[in-house]
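Observations on the model geometry
The primary structure of each chain is shown beneath.
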Amino acid sequence: MAEVILMPRLSDTMTEGVIAAWHKKVGDTVKKGEILAEIETDKATMDLESYKDGTLLHLGADKGGKIQVNDLLAIIGNEGEDISQHLEEKPAPQQQEAKPKEDQSAKPQEEAPKEKSTSVDISKMDEVVLMPRLSDTMTEGVIAGWHKNVGDEIKKGDVLADIETDKATMELESYKNGKLLYQGAKQGEKIQVNDLLCIIGEEGKVDVEAIVQATKEAGAPAPSKTETKETEGEQPKKQEVAQENPKAETGDGRIKASPLAKKIARDKGINLAQVKGSGDNGRIIKNDVDNFTPSQEAKPEQKEQQQSAPVYSGEEGYKDLDLSQMRKVIAKRLGESKFSAPHFYLTMEINMDNAMKARTEMNELGDVKISFNDMIVKATAMALRKHPAVNSSWMGEHIRQYQHIHIGIAVAIEDGLMVPVVKFADNKTLSQIAAESKELAGKARNKKLQPNEFTGNTFTISNLGMMDIEEFTAIINPPDSAIMAVGRIKEVVVKKGEGFDVSNVMKITLSCDHRSVDGAVGATFLQTFKKYMEHPVMMLV
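These figures come from a predicted structure and were not determined experimentally. (Residues numbered from 1 in each chain as written. Predicted model: local features only at pLDDT ≥ 70, side-chain atom pairs only at ≥ 80, totals over all residues. Heavy atoms only, no water.)

This next bit is on the overall build of the protein chain. Along its length, the protein chain carries 12 helices and 26 strands. Taking all 541 residues of the protein chain together, the buried fraction comes to 44%. Of the contacts formed within the protein chain by residues at least 6 apart in sequence, a portion of 62% connects residues at least 24 apart. As displayed, the protein chain offers around 29,400 Å² of accessible surface, 49% of which is attributable to carbon and sulfur atoms. (Helix = DSSP H or I, 4+ residues; strand = E, 2+ residues; numbered from the N terminus. Buried < 20%, exposed > 50% of the residue type's maximum accessible area, 1.4 Å probe, protein only. Contact = heavy atoms within 4.5 Å. Areas by Shrake-Rupley, 256 points an atom, 1.4 Å probe, with all protein chains shown as cover.)

If you want it as structure tokens, here you go:
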């Protein structure tokens, strides 16, 4: 049966999307996961993937056309199928969903015997919700929390669950009405992209067991296996806690604590049995661990142990740390970058005397405080405008030079690195860059960035100067062709005239992909960047 695809809301402020390009035309075969179109929102241009298999029967607009959120974007079905009812009625989004629901509710009953006797593709079942790809590098998601329980009524637009990806924790909204009949995983469990997340339909008309069985027959990893592995890995730790303080256990030997609270406690070496929970039924949450202070009674015991231990004795040991989703992707992408892209490095010293004076004057007169990093972002963007070869990506068979300049700024967070993107940086003032950078950095540290805020970079800056690092090299952040590593500003003695004086200098190192950027190209780019930083007034002209 034909499936109507509506224009999704790809950003929190999006009301309409512009078709930047179609990757498929009417009559083409479409597979789940293939890119249908590039959608330009109010913040970025993003790829839209198909979540259905079939033939593309209709396009809601041509290239350049605008479509409102929840209006008809495309229709996918069987080749030659009659779609006139979908084109003639053109109902509101809720009405569009109602008719297919009537037919779809009967479909599992009619075809159930066949599905049990033959292999079934659950992606073609309208009641099935698969784990979506919420970021460009996401391969699996962790259920941070369910907003709906089995048996709850679901309306289109309701938040189903919080999904932790490799870059952020995001809310997943339902795109259909019905009742939540099945959850594919519990809180804290992992689900691979395109695996069964949940089932939404009409109670009594959906064979949930048949769908779950079809999932197992298809070879999809069952969440229970993931849970078993985690349980086996955590069993020794739980037993240790139980031995230390049996009173902290529940009836089944577990300590009631959220996954995040457990992780923080493990990182800080805190015994959860000593923490008092403020959540439901005494459940320990993040704030309880953050605000935990070891009791005074424990301190004398620790002192006695330290005094009784031999002065020169020690005990070997180690701790295995579980990899977060973000750390896995960082390792994968940067490993691929380092070992596939031939890096070379260019280091330059820049006199920062004029930049320091200019920054002091701007902060005295302006309402927004401007940092040296903001000035570096602006100077980099303006230099890229004059050297477009550096603002590029290696595409295998060709080099793509971008006409827009989006600067990624590496931000250190607890789990690794995030790279929020200041878009069209060359067209923004220093005040605008400063305000936007501060907002994006705050969102990154709180894992609140939206996909359009950490994708689309054409060049990246990594600044460790505030950590007193004088000079370092950085690994290129794909798909960029270059990344700039910025060190601290330090005072050096220089010869001026017949005497000596003190100047402030900063070292930067440009890492380049030699496949797309040659040494001379990188060097001339740095010369232009140096000119802007040593004469900041040029950035204002």
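Turning to the packing of aromatic side chains, a few remarks are in order. Scanning the model with the defined rule gives 1 aromatic pair in all. Each ring, one from phenylalanine 459 and one from phenylalanine 525, has its centre 5.7 Å from the other, and the planes form 50°; the classification is tilted. Note that phenylalanine 459 is positioned in strand S24 (residues 459-463) and phenylalanine 525 in helix H12 (residues 519-534), a separation of 66 residues in sequence. Judged by relative accessible area, which is 0%, phenylalanine 459 ranks as buried. A residue is classified by how much of its surface remains accessible, and phenylalanine 525, at 0% relative accessible area, is buried. (Phe/Tyr/Trp six-rings, centres within 6.5 Å; stacked < 30°, edge-to-face > 60°.)

A word on the sheet that holds strand S2 (residues 16-22). In space, the 4 strands of this open sheet follow the order S5-S4-S2-S7, with antiparallel pairing throughout. Of all strands in the sheet, those bounded by a partner on one side alone are strand S5 (45-49) and strand S7 (66-68). Direction aside, the axes of adjacent strands within the sheet are offset by 40° on average. Bridge count for strand S4 (residues 35-40) against S5 is 5 bridges, and the pairing is antiparallel. Residue pairing for S5: isoleucine 35 is matched across the bridge by glutamate 49. (Pairing = 2+ DSSP bridges. Axes fitted to C-alpha atoms, helices over the stretch in contact; angles between N-to-C directions.)

The next thing to look at is helix H11 (residues 430-445). Compared with an ideal rise of 1.5 Å per residue, which puts 16 residues at 22 Å, H11 spans 22 Å between its outermost C-alpha atoms and is within 8% of the ideal. Buried residues of H11: Leu430, Ile433, Ala434, Ser437, Leu440, Ala441 and Ala444, and no others. Viewed along the axis of H11, the buried residues span an arc of 145°, placing them on a single side of the element. On its buried side, H11 packs onto helix H9 (353-365), helix H10 (372-386), strand S20 (406-409), strand S21 (411-413), strand S22 (416-418) and strand S23 (421-423). Downstream of H11 by a residue or two, lysine 447 has a phi angle that is positive, lying close to 55°. (Expected span 1.5 Å × (residues − 1). Arc of directions from axis to C-beta.)

Formed by 50 residues in total, the largest nonpolar core has its most connected members in Ile407, Phe459, Met484, Ile508, Leu510, Phe525 and Phe529. When residues in this core are grouped by element, the largest group, 8 residues, is from H10. Apart from the residues lying within four places of it in its own chain, the contact partners of isoleucine 508 are Leu346, Thr347, Met348, Ile350, Met484, Ala485, Val486, Leu526 and Phe529. Counting residues in each nonpolar core, the second largest holds 20 residues, with Val129, Met131, Ile154 and Ile200 among its members. (Core = buried A, V, L, I, M, F, W, Y, C linked by side-chain atoms within 4.5 Å.)

All right, on to the sheet that holds strand S6 (residues 54-59) then. On the basis of which strands lie adjacent, the open sheet formed by 4 strands has the order S1-S8-S6-S3 and antiparallel pairing. The two strands at the open ends of the sheet, each matched to only one other strand, are strand S1 (3-6) and strand S3 (29-30). Direction of pairing for S1 relative to strand S8 (residues 72-77): antiparallel, over a ladder of 4 bridges. Following the sheet pairing, leucine 6 is matched in S8 by leucine 72.

Moving on to the side chain of serine 393. For serine 393, the position within the fold is in strand S18 (residues 392-394). Judged by relative accessible area, serine 393 falls into the buried class, the value being 0%. A distance of 2.7 Å separates a polar atom in the side chain of serine 393 from a polar atom in the side chain of tyrosine 402. In this structure, serine 393 is in contact with His398, Ile399, Arg400, Tyr402, Pro479, Asp480 and Ser481, ignoring residues within four places of it in sequence. (Polar contact = N/O pair within 3.5 Å; in protein donor to acceptor, adjacent residues only side chain to side chain.)

Time to look at the confidence of the model for the protein chain. For the protein chain, mean pLDDT is 80; residues scoring 70 or higher make up 80% of the total. Predicted confidence for residues 90-118 stays below pLDDT 50, and this span has 36 contacts to residues more than four positions away or in other chains. With pLDDT under 50 throughout, residues 224-249 is counted as low confidence; its partners more than four residues away or in other chains account for 17 contacts. (pLDDT = per-residue confidence, 0-100.)

Enumeration over the complete set of coordinates arrives at 21 salt bridges. Between lysine 443 and glutamate 439 there is a salt bridge; the shortest N-O distance is 3.8 Å. Of this pair, lysine 443 and glutamate 439 both sit in helix H11, 4 residues apart, which is roughly one turn of the helix. One salt bridge connects arginine 488 with aspartate 468, and the closest N-O pair in it is separated by 3.3 Å. (Salt bridge = Lys/Arg side-chain N within 4 Å of Asp/Glu carboxyl O.)

Time to look at the environment of asparagine 427. Secondary-structure assignment places asparagine 427 in the loop between S23 and H11. Overall, asparagine 427 belongs to the exposed group, its relative accessible area being 60%. Remark: the alpha-carbon pair of asparagine 427 and isoleucine 405, spanning 22 residues in sequence, is separated by 8.9 Å.

With that settled, consider the packing of H10 against H12. One can describe the packing of H10 onto H12 by two numbers: an axis separation of 9 Å at closest approach and a directional angle of 135°. With respect to their mutual orientation, H10 and H12 come out oblique. The crossing of H10 and H12 is right-handed. Mapping the contact onto sequence places Met375, Ile376, Ala379, Thr380, Met382, Ala383, Leu384 and Lys386 in H10 and Phe525, Thr528, Phe529, Tyr532 and Met533 in H12. Taken together, the residues of the contact of H10 with H12 break down into 10 nonpolar, 2 polar and 1 charged. (Parallel < 35°, antiparallel > 145°, perpendicular 65-115°, else oblique. Left-handed = near helix turned anticlockwise from the far one by under 90°. Nonpolar A, V, L, I, M, F, W, Y, C, P; charged D, E, K, R; others polar.)

This brings us to a nonpolar patch on the surface. A cluster of nonpolar side chains, contributed by Met466, Met467 and Ile469, occupies part of the molecular surface with about 310 Å² of accessible area. Overall, the relative accessible area of 51% leaves methionine 467 in the exposed class. (Patch = residues over 30% accessible without salt bridge, like charges linked within 9 Å, V, L, I, M, F, W, Y side chains within 5 Å.)

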